[in-house]
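Residue-level listing of the chains:
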Amino acid sequence: MRRLLLIGLTILLVSIFALPAAAIPTSDLASLASYYPANAAFYVGFRTDQAFIDTLDGVISRVERVGDPTASGSNLLEGLDEATQTLTRDANATFMETLRPLLGDIGAVGTTDAFPLIDEDPSNDDKAGVGVALQITDRAGVTALLQDMISANDGNAMFVVESTDAADTIVPSGSNQMPVPYYFYVGNDVLLVGNTDAVLTAASLTNTLAGAEDFNSTISQLPNGDYNIAAYLAIGPIARAQMSTLEAMTADMPELDAQMAQLDALSGVYNSINGVAVGFVILEEVHFTMDFFVSIDSSAYLEQLGISPDVLAGFTPFDPAFASRLPADAAAVILSSNLGANIDNSLSTNLQMMGDMQGMGAEEFEAALNQINFVLRGATGLTLDEITASLNGQFALGLSINPEALMAGLMGGGEPIVDLFGFGLVFENVDGGIQPLYDGIAQAVQQFLPMAEESGITLEALDVPGGSGWTITIPPQTTDLSYPLLIQMAVNDSVFVLGTPDYVTQALSADGGLAADASFQSSLSTSLPGAPAFLYLAPSAVSIIDLAALGRSMNEGAPSVGAILDSLNISSGMTAEGELSAAGRAVITLQSAGE
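Definitions and limits used
- Residues numbered from 1 in each chain as written.
- Predicted model: local features only at pLDDT ≥ 70, side-chain atom pairs only at ≥ 80, totals over all residues.
- Heavy atoms only, no water.
- Salt bridge = Lys/Arg side-chain N within 4 Å of Asp/Glu carboxyl O.
- Helix = DSSP H or I, 4+ residues; strand = E, 2+ residues; numbered from the N terminus.
- Buried < 20%, exposed > 50% of the residue type's maximum accessible area, 1.4 Å probe, protein only.
- Polar contact = N/O pair within 3.5 Å; in protein donor to acceptor, adjacent residues only side chain to side chain.
- Core = buried A, V, L, I, M, F, W, Y, C linked by side-chain atoms within 4.5 Å.
- Contact = heavy atoms within 4.5 Å.
- Expected span 1.5 Å × (residues − 1).
- Arc of directions from axis to C-beta.
- Phe/Tyr/Trp six-rings, centres within 6.5 Å; stacked < 30°, edge-to-face > 60°.
- pLDDT = per-residue confidence, 0-100.
- Pairing = 2+ DSSP bridges.

Draft legend 1. Quick peek at the pattern of salt bridges. Within this structure, the stated rule accounts for three salt bridges. With a shortest N-O distance of 2.9 Å, Asp168 and Arg139 are connected by a salt bridge. You can see Asp168 sitting in strand E6 (residues 167–172) and its partner Arg139 sitting in helix H6 (residues 139–152), a full 29 residues away along the chain. For the residue pair Asp168 and Arg139, the accessibility class agrees, reading buried in each case. The partner of Asp291 in a salt bridge is Arg585, with the nearest N and O atoms 2.5 Å apart. Of this pair, Asp291 sits in strand E12 (residues 287–296) while Arg585 is found in strand E22 (residues 579–590), placing the two residues 294 residues apart along the sequence. Per residue, the accessibility class of Asp291 equals that of Arg585, and both read buried.

Draft legend 2. How the structure looks around the side chain of Ser337. Here Ser337 lies in strand E13 (residues 332–337). According to the relative accessible area criterion, Ser337 is buried, its value standing at 2%. Within polar-contact distance, the side chain of Ser337 engages the backbone oxygen of Thr316 at 2.3 Å.

Draft legend 3. Structural context of the nonpolar core. Leu209, Phe215 and Leu335 are the most contacted members of the largest nonpolar core, which has 60 residues in total. Excluding anything up to four places from it in sequence, Phe215 contacts Ala30, Ala33, Tyr43, Leu209 and Tyr232.

Draft legend 4. Main features of helix H4 (residues 76–88). The terminal C-alpha atoms of H4, which comprises 13 residues, lie 18 Å apart, in line with the 18 Å expected from a rise of 1.5 Å per residue. Buried within H4 we find Leu76, Asp81, Thr84 and Thr88. For H4, the angular spread of the buried residues around the axis is 140°, confining them to a single face. Those residues of H4 that are exposed and aimed more than 90 degrees away from the buried face are Glu82 and Thr86.

Draft legend 5. Structural context of the packing of aromatic side chains. Going through the model one piece at a time under the given rule, you end up with 10 aromatic pairs. When the centroid spacing of 5.2 Å and the interplanar angle of 85° are considered together, the rings of Phe215 and Tyr232 count as edge-to-face. Taken together, the residues span a long stretch of sequence, with Phe215 in helix H7 (residues 213–219) and Tyr232 in strand E10 (residues 229–233) at a distance of 17 residues. Ring-pair connections join several aromatic residues into one group, and the members of that group are Tyr36, Tyr43, Phe215 and Tyr232.

Draft legend 6. Expanded view of H6. Between its terminal C-alpha atoms H6 stretches 20 Å, which fits the 20 Å expected from 14 residues at 1.5 Å a residue. Among all positions of H6, only Arg139, Val142, Thr143, Leu145, Leu146, Met149 and Ile150 are buried. Projected onto a plane normal to the axis of H6, the buried residues spread over an arc of 160° and lie on a single side. Along H6, exposed side chains directed more than 90 degrees from the buried face belong to Ala140 and Asp148. Its side-chain oxygen at 3.3 Å from the backbone nitrogen of Ala140, Asp138 defines the N-terminal cap of H6.

Draft legend 7. Geometry of the confidence of the model for the protein. With 73% of its residues at a pLDDT of at least 70, the protein reaches an overall mean of 79. Low pLDDT, under 50, characterises residues 1–21; the predicted model gives this stretch 50 contacts beyond four residues in sequence or across chains.

Draft legend 8. Molecular detail of the pairing of strand E19 (residues 495–499). For E19, a buried count of four out of five residues is recorded, marking the element as mostly surrounded by other parts of the structure. Pairing of strand E15 (residues 421–428) with E19, which is carried by five bridges, proceeds in the antiparallel orientation. Bridge pairing links Leu425 to Leu498 in E19. Bridge count for strand E18 (residues 485–491) against E19 is four bridges, and the pairing is antiparallel. Its bridge partner being in E19, Gln488 is matched across the sheet by Gly499. Here E18 hands over to E19 after three residues, the two strands then running antiparallel side by side.

Draft legend 9. Just the environment of Met158, in detail. One can find Met158 in the loop between H6 and strand E5 (159–163). As a C-alpha pair, Met158 and Ile170 span 12 residues in sequence and 9.9 Å in three-dimensional space. Other than its neighbours up to four places away in sequence, Met158 contacts Val171, Pro172, Ser173, Ser175, Asn176 and Met178.

Draft legend 10. Molecular detail of the pairing of E15. Bridge analysis of strand E14 (residues 394–401) against E15 gives seven bridges, and the strand direction is antiparallel. From the neighbouring strand, Leu397 faces E15, where its bridge partner is Leu425.

Okay, structure coming up:
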């Protein structure tokens, strides 16, 4: 059972990926969009060729051998044979002999009509249509196979078969009592299967998804170009349709006017969003990659939020070399740039949205900002604008957790836990502009210290060549740790850093560090060019997932996550050429062969 579960889960997780040489252009994966209406809510194109099946078989074998080194390999084809035998009711049928010769290289699934699900009439939900399209090589063979399958399952009386020069159709008969009927259209080079009769006319559609401007412009912008799966989601039209439905349903419900007004305040947001594209591929044989792309009507979006288009200047690329300011054992990392501008824009956006939703006027909005500045000035001597203006360089956030100490804490007993975690926030000091922020924080800490003397918290000067710093010592009774927690902050001409001593030391020295780590460099190679942000989870973070789940101790036969995965990273980018667009990439890196 464990073997079958492993194969099944692995197929589910990795069937969306293929080796780089086997990945195909996005345009090929979109080639079946001509069988779906222009207003299709979603479309997913995928490969069905033999090379893809071979790839799946190899990946499943690799993962299975992690759990059992003596395993002979995947039984994917045996599983496909079993499925073929179940469909045909033929104990001697095999996938390679029965189904594979009939299939082409591309398949797709999408909606033929999704809007009955989101309109105000619940009685027509069963009219929502989903259709599958498969390239085929033998029309007569596919029709015969479908008829044999229906006959083998005692369904002859439930379907009617009709043929024309263009296609064969198999439709439910009057005696068909299936709760979800199936309709089949077998053309000369395509098989269409759906739960409504919309698939019967799909081949003759004139206004198709293939000709939809947003579909083509969105899916063609996926950054890698070649994928194993390419998907499109009409998120904007769906949101607008749902809003129209809500407005119609609540038109005679004045008690909901306040809630609808709050939603209406966001109308500029959902009116500006177009489609979203997602692609899946594996890079360099070990990097399982998911890309996405979304375009937004930036003028409507930013106008609704009351933001100047100048905010897009805040999205500047992160510098991979700044990772040298973090220790090599950093487990979870965020690298970014121009953090101050992004904080300022994000805070302004959220305050504006909250103000709109709560009906705040300009004066009330200004008062809220003044209150924030009052608190900040009292603590640091700086306003919000002064603080964010100083954070205009590179930024790094790192977190480390000691797996051995974590396990000791989970199990209890033994030696006292020490150095359970480390962390650091590192800001580039551009032209000395961050010094006032350091001075303000140091001032706030020194003002707070007398109030914390009873708890034993102490403050000592830290020797920083070419700069200054402080060490804050927090005793165990305050933190519930078994050791004193040291937090340091320091500034020099290059950086301002706040964190545990190991992070502060590395940030000030910038000698090697995470930037020289092989797993980080491998993960970095897959990041999007020009991305303003990069999130990285190191192998040690993956190992912590094992500990947190206690997977191996609870299931001796299950492979560890860390034995399969090496690292994970996410990068993102934004551009503003005509429209605001965003691209993102999430990558899971497998352990290299032989590790």
